[in-house]
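Residue-level structural notes
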Amino acid sequence: KRKHMIENRSKQLLDVVLKAADDKLAQEIVALEVGHLTPVADYFVITHGKNEKQVQAIVDAIEEEVHKEGFEVKSDGAGSSVAISLKIIFLFIFG
């Protein structure tokens with residue numbers, strides 16, 4: 001039962017991330033389910049923006065929405081390339 005709850009929470013977080021990225025017009029959003037390949041994360045999400053300003057807007061939107069859901073966010077990078085760790089999702093945004 002606990003595993004099912006974790007899977008639902010991870011899918012819920014993925015939906016939040018994808019919607020926030022899409023709302024900021026992120027380009028070519030790809031979500032890869034990797035939980036069966038690595039214990040590091042359940043999903044990798046890769047996307048890009050047209051410029052550094054858009055990349056930052058995508059990052060800000062994702063961080064805001066994820067915080068609303070009660071998850072911790074760790075961002076690494078600024079400008080044209082950002083990695084965000086949500087423990088169960090790694091998100092890479094390129095500009």
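A brief look at the structure comes next.

Counting 23 residues, the largest nonpolar core has Ile 62, Val 66 and Ile 89 as its most contacted members. Going through the elements one at a time, helix H1 (2-23), strand E2 (43-48), helix H2 (52-68) and strand E5 (89-94) are the ones with two or more residues in this core. If near-sequence neighbours (up to four positions away) are discounted, Val 66 is found in contact with Leu 13, Val 16, Val 17, Phe 71, Val 73 and Leu 86.

Going through the model one piece at a time under the given rule, you end up with five salt bridges. Between Arg 9 and Glu 69 there is a salt bridge, and its shortest N-O distance comes to 3.9 Å. Taken together, the positions of Arg 9 in helix H1 and Glu 69 in the loop between H2 and strand E3 (74-76) put the pair 60 residues apart, joining distant regions of the chain. The exposure class assigned to Arg 9 is partly exposed, which follows from its relative accessible area of 31%. When its relative accessible area of 28% is taken as the criterion, Glu 69 is described as partly exposed. A salt bridge links Lys 11 to Asp 15, with the shortest nitrogen-to-oxygen separation between them at 2.9 Å. Of this pair, Lys 11 and Asp 15 both sit in helix H1, four residues apart, which is roughly one turn of the helix. For Lys 11, a relative accessible area of 39% gives the class partly exposed.

Parameters and conventions
Residues numbered from 1 in each chain as written. Predicted model: local features only at pLDDT ≥ 70, side-chain atom pairs only at ≥ 80, totals over all residues. Heavy atoms only, no water. Core = buried A, V, L, I, M, F, W, Y, C linked by side-chain atoms within 4.5 Å. Buried < 20%, exposed > 50% of the residue type's maximum accessible area, 1.4 Å probe, protein only. Helix = DSSP H or I, 4+ residues; strand = E, 2+ residues; numbered from the N terminus. Contact = heavy atoms within 4.5 Å. Salt bridge = Lys/Arg side-chain N within 4 Å of Asp/Glu carboxyl O.

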